[in-house]
Amino acid sequence: MKTVTILGATGSVGTSTLDLVERDPEAFRVVALTANCDVTRLAAAAIRTRAQRAVVADEACLPALRDALAGSGIAATGGAAAVCEAAAMGADVTVAAIVGCAGLKPAMVAVEQGGTLALANKEALVSAGDVMKVAVARHGATLLPVDSEHSAIFQCLDARLADRVRRIILTASGGPFRDRTLEEMRAITPAQAVAHPNWSMGAKISVDSATMMNKGLEMIEAYHLFPVTPAQIEVVVHRQSVIHSMVEYVDGSTIAQLGTADMRTPIAGALAWPDRMVTPGERLDLVKIGRLDFEAPDPVRFPALALARAALEAGGARPAILNAANEVAVAAFLAGGIGFLEIAAIVADTLERYDPPAPDTLDAVLDIDRAARALAEERVKERVA
Ligand code: NDP
């Protein structure tokens, strides 16, 4: 029996996690579930799983949550600090599935409890990778990847032979616009951008996949999770999303992990680790798939990749700035405020205008995040005007 807390329980990853946890009540007991403001979904999940506590990050939504949980015996709390308190409840496994840098502080609080952090919230590691890794070591926590690519690498990488790894190859579907021209990409709408060809995901990561910033963030995530240099991390476009990533060793052997495009597989990998658990869903039918294709990513149509690589190579504050500006630009695009191609332009512009020293504490990372957001917001306003 493992106790589980899900931060971001109402989202795409959160819902898939609940699906697994609820199928096996003998194996998992829910401690706390959090959301931003989706009270209906949160309260229903808390009641179904008999969670101890349900939390909304947006305090304005707390009265509705209290109403929805009245008489259930489940504690209802609200506000950003309440999310951190939920993360501090000491579950065996805390699933970090909040979207964006908003998930950083609660993820750090979970790390400080010394348990297992199953990390989907890549923005947290991108912004604060160095600080987080120090905290993981100091508190004896275990950091497990949930992102399908990193789950694949985690399974293919023999930790005893880390110095025998030649490179890791992150596969990318290429997103919904992999065959569009730059001219066509200029007129992309939010609805088109969130319609991913292979994966069903939240709006923000879907847009990141469309710009390929998602793969950029994943390169930085991989650098923090695995013992490799930036130069050892490569990206290959593989449109079928069957191979989730690969590790090449010095002897020329390349080990790949394959599966259907169902997040429940990598989530199960983290929930059950070091064991494995049964998951529902379609199994891989290689004959039906027939072929696997690979191509190099196009740096001209997808400039986000080069921006992320430069931030990775420079390190310090650069990844946090990249991430903050991207979050602002993606939100502006989803709100109809800027065009699709302006997302990467705003990120590039913010990186050009802001170059603070490397942060060595969580507060310093959060300060950089705030300052980069303010600069990116300025550019959004200028472009909208
Ligand atoms: P969703 O948008 O579907 O869900 C986000 C979750 O975070 C919701 O529970 C939401 O609550 C909550 N949330 C949003 N804003 C805040 C806030 N300010 N404070 C606290 N909670 C908040 O996202 P996804 O599930 O798609 O993605 C979650 C994370 O996992 C992202 O970092 C993403 O990159 C990563 N990831 C996702 C994958 C996927 O398949 N979806 C695959 C690999 C990684 P509410 O519902 O109330 O708004």
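So, a few notes on the structure that sits alongside this text. (Residues numbered from 1 in each chain as written. Predicted model: local features only at pLDDT ≥ 70, side-chain atom pairs only at ≥ 80, totals over all residues. Heavy atoms only, no water.)

**Focus on the environment of Thr254**
- Mapping Thr254 onto the fold places it in strand S11 (residues 254–258).
- By relative accessible area, which is 40% here, Thr254 ends up partly exposed.
- With 85 residues separating them in the primary sequence, Thr254 and Ile169 have C-alpha atoms 9.4 Å apart.
- Once residues lying within four places of it in the same chain are set aside, the contact partners of Thr254 are Met246, Val247 and Glu248. (Helix = DSSP H or I, 4+ residues; strand = E, 2+ residues; numbered from the N terminus. Buried < 20%, exposed > 50% of the residue type's maximum accessible area, 1.4 Å probe, protein only. Contact = heavy atoms within 4.5 Å.)

**Quick notes on the nonpolar core**
- Leu104, Leu117, Met132, Ile168, Leu322 and Phe340 are the most contacted members of the largest nonpolar core, which has 92 residues in total.
- At ten residues, helix H15 (residues 318–334) tops the list of elements feeding residues into this core.
- Ignoring anything within four residues of it in the chain, the contact list for Leu104 reads Asn121, Ala124, Ala128, Met132, Leu362, Val365 and Leu366.
- By size, the runner-up hydrophobic cluster in this structure holds 38 residues, among which are Val4, Val21, Ala54 and Trp199. (Core = buried A, V, L, I, M, F, W, Y, C linked by side-chain atoms within 4.5 Å.)

**Here's the deal with the state of the cysteines**
- Summed over all chains, the structure comprises one disulfide.
- Two residues, Cys37 and Cys61, share a disulfide whose sulfurs are 1.8 Å apart. The chirality of the disulfide connecting Cys37 with Cys61 is left-handed, given an S-S dihedral of about -100°. Here Cys61 lies in the loop between strand S3 (53–56) and helix H3 (62–69) and Cys37 lies in the loop between strand S2 (28–35) and helix H2 (39–49), a separation of 24 residues in the sequence.
- Of the residues examined, Cys61 reaches a relative accessible area of 6% and is grouped as buried.
- Unpaired in this structure, Cys84 has its nearest cysteine sulfur neighbour in Cys101, at a distance of 12 Å.
- We classify Cys84 as buried; its relative accessible area is 14%. (Disulfide = S-S within 2.5 Å.)

**Let's talk about the environment of Asp262**
- Within the secondary structure, Asp262 is located in the loop between S11 and helix H12 (264–272).
- Residue class for Asp262 comes out buried when judged on its relative accessible area of 16%.
- Excluding anything up to four places from it in sequence, Asp262 contacts Trp199, Pro280 and Gly281.

**Details of the sheet that holds strand S8 (residues 165–172)**
- Read across the open sheet, the four strands follow the order S9-S8-S10-S11; overall the sheet is mixed. Edge positions in the sheet fall to strand S9 (233–237) and S11, since each of these pairs with one other strand and no more. Geometrically, the sheet is characterised by an average inter-axis angle of 20° between neighbouring strands, direction not taken into account. (Pairing = 2+ DSSP bridges. Axes fitted to C-alpha atoms, helices over the stretch in contact; angles between N-to-C directions.)

**So, the side chain of Lys122**
- Looking at where Lys122 falls in the secondary structure, it is placed in helix H6 (residues 122–139).
- Once residues lying within four places of it in the same chain are set aside, the contact partners of Lys122 are Asp147, Ile205, Asn214, Leu217, Glu218 and Glu221.

**Quick look at the packing of aromatic side chains**
- With the rule as written, the count across this model stands at three aromatic pairs.
- Relative to Trp273, the ring of Phe154 has its centre 6.2 Å away and its plane inclined at 55°; by these criteria the two rings are tilted. Placement of the pair is Phe154 in helix H7 (residues 148–156) and Trp273 in the loop between H12 and helix H13 (286–289), with a sequence separation of 119 residues.
- For Trp273, a relative accessible area of 36% translates into the label partly exposed. (Phe/Tyr/Trp six-rings, centres within 6.5 Å; stacked < 30°, edge-to-face > 60°.)

**Let's talk about helix H11 (residues 213–225)**
- Between its first and last C-alpha atoms H11 spans 18 Å; for 13 residues at 1.5 Å apiece the expected length is 18 Å, and the two agree.
- The buried count for H11 comes to twelve of 13 residues, which makes it a mostly enclosed element.
- Within H11 the residues assigned to the buried category are Met213, Asn214, Lys215, Gly216, Leu217, Glu218, Met219, Ile220, Glu221, Ala222, His224 and Leu225. (Expected span 1.5 Å × (residues − 1).)

**Some points on the site of the ligand**
- Among the 24 residues in the neighbourhood of the ligand, the closest are listed as Thr10, Cys37, Asp38, Glu123 and Gly202.
- Between Thr10 and the ligand, the recorded distance is 2.6 Å, taken from a side-chain N or O atom to an oxygen atom.
- Contacts to the ligand include Glu123, whose side-chain N or O atom sits 2.6 Å from an oxygen atom.
- When the ligand is considered free in solution it has 900 Å² of accessible area, and contact with the protein chains removes 83% of it.
- Elements that contribute at least two residues to the shell around the ligand include exactly helix H1 (12–23) and H6.
- Across the shell around the ligand, the residue classes tally to 13 nonpolar, seven polar and four charged. (Near = heavy atom within 4 Å. Polar contact = N/O pair within 3.5 Å; in protein donor to acceptor, adjacent residues only side chain to side chain. Areas by Shrake-Rupley, 256 points an atom, 1.4 Å probe, with all protein chains shown as cover. Nonpolar A, V, L, I, M, F, W, Y, C, P; charged D, E, K, R; others polar.)

**Considerations on unusual backbone geometry**
- The peptide bond linking Trp273 to Pro274 adopts the cis configuration, its omega dihedral lying at 5°.
- Turning to its location among the elements, Pro274 is positioned in the loop between H12 and H13.
- A positive phi angle, close to 55°, is found at Arg50, a residue other than glycine.
- In this structure, Arg50 sits in the loop between H2 and S3.
- Not every positive phi belongs to a glycine, and Ser241 is a case in point at roughly 50°.
- By the secondary structure assignment, Ser241 is in the loop between S9 and strand S10 (243–249).

**So, the pattern of salt bridges**
- On inspection of all chains with the given rule, the structure shows 29 salt bridges.
- Salt-bridge contacts for Glu327 lead to Arg373; the nearest nitrogen and oxygen are separated by 2.9 Å. Linking Glu327 in helix H15 with Arg373 in helix H17 (residues 362–384), this pair joins segments that are 46 residues apart in sequence.
- Looking at Glu327, the relative accessible area reads 15%, which means it is buried. (Salt bridge = Lys/Arg side-chain N within 4 Å of Asp/Glu carboxyl O.)

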